[in-house]
Amino acid sequence: MIIRVLITIFVIAYIVWFISNRILGKNLGLAKVIAATLVVVSMIYLTLGILSHLVEGG
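Let us look at the structure shown here. (Residues numbered from 1 in each chain as written. Predicted model: local features only at pLDDT ≥ 70, side-chain atom pairs only at ≥ 80, totals over all residues. Heavy atoms only, no water.)

## As for the overall build of the chain
Then step 1. Secondary structure summary: the chain contains two helices and zero strands in total.
Then step 2. Put simply, the chain has 58 residues, and 10% of those count as buried.
Then step 3. Element-wise, carbon and sulfur atoms account for 76% of the exposed surface of the chain, whose accessible area totals about 4700 Å². (Helix = DSSP H or I, 4+ residues; strand = E, 2+ residues; numbered from the N terminus. Buried < 20%, exposed > 50% of the residue type's maximum accessible area, 1.4 Å probe, protein only. Areas by Shrake-Rupley, 256 points an atom, 1.4 Å probe, with all protein chains shown as cover.)

What follows is the structure, given as structure tokens:
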């Protein structure tokens, strides 16, 4: 469970970095929106994963 979450966080962080540096360049407004969206989606995924783990009993 923990390893899966850590891998997911690492992949999302890399995607944010890649989009920010390579694709957007100086467009910081759009970069902030994309980063915030990815963070929110990650938090939802993490919350649902924890709830699933608690309900199913691991």
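## Things to note about helix H2 (residues 28-56)
Then step 1. An ideal rise of 1.5 Å per residue puts 42 Å on 29 residues; H2 measures up with 41 Å between its terminal C-alpha atoms.
Then step 2. Gly 57, located one to two residues past H2, shows a positive phi value of around 80 degrees. (Expected span 1.5 Å × (residues − 1).)

## So, a nonpolar patch on the surface
Then step 1. On the surface, a nonpolar cluster with roughly 830 Å² of combined accessible area is contributed by Ile 3, Ile 7, Phe 10, Val 11, Tyr 14, Ile 15, Trp 17 and Phe 18.
Then step 2. For Trp 17, a relative accessible area of 41% gives the class partly exposed. (Patch = residues over 30% accessible without salt bridge, like charges linked within 9 Å, V, L, I, M, F, W, Y side chains within 5 Å. Salt bridge = Lys/Arg side-chain N within 4 Å of Asp/Glu carboxyl O.)

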